[in-house]
Amino acid sequence: MTARNGQLYQLSLTGVVGGLMGIFITRFFGGGSRLNPDNILEQVKHQFRQESPIEGAWIEKHAVPFQKFAVKSRVYYGGITRYEDNKLVQYQFVADANTGSVLDIHRL
């Protein structure tokens with residue numbers, strides 16, 4: 001496993017754990033309002049920019065149902081494009097619509 005793959009795995013694992021915790025906390029305290037998808041996209045872009053510049057990004061404007069194991073929520077799908085080793089690489093992410101936490105991310 002290369003250092004970059006290790007960092008991506010750590011980012012993915014941290015995002016999933018943080019997202020699940022965010023869902024539980026939000027539901028426990030009765031929160032239910034959705035965040036602006038553009039604000040969530042800015043947070044994700046900020047995290048990616050810490051490693052390297054990005055070329056493009058997008059996010060769906062409508063939240064859709066999502067289930068990971070026994071946890072159900074509404075999410076926004078989005079994507080990030082950046083150069084890695086002089087090649088254009090795309091990532092897709094899933095972010096919780098209520099907390100903004102990244103629940104899943106993978107390289108396409």
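Look above for the structure.
Here is what the cut-offs are and how they apply
Residues numbered from 1 in each chain as written. Predicted model: local features only at pLDDT ≥ 70, side-chain atom pairs only at ≥ 80, totals over all residues. Heavy atoms only, no water. Helix = DSSP H or I, 4+ residues; strand = E, 2+ residues; numbered from the N terminus. Buried < 20%, exposed > 50% of the residue type's maximum accessible area, 1.4 Å probe, protein only. Contact = heavy atoms within 4.5 Å. Expected span 1.5 Å × (residues − 1). Arc of directions from axis to C-beta.

1. Describing the side chain of Lys-45
Relative to the helices and strands, Lys-45 is located in helix α2 (residues 37-49). Relative accessible area serves as the criterion here: at 15%, Lys-45 is assigned to the buried category. Not counting residues up to four positions away in its chain, the partners in contact with Lys-45 are Ile-54, Ala-57 and Ile-80.

2. Observations concerning α2
Between the first and last C-alpha of α2 there are 18 Å, a value that for 13 residues agrees with the 18 Å anticipated at 1.5 Å per step. Inspection of α2 places Pro-37, Ile-40, Leu-41, Val-44, Lys-45 and Phe-48 among the buried residues, and these make up the whole buried set. In a view along the axis of α2, the buried residues occupy a sector of 135 degrees, so they form one face of it. The inward-facing, buried residues of α2 abut β1 (56-59), β3 (71-84), β4 (87-96) and β5 (102-107).

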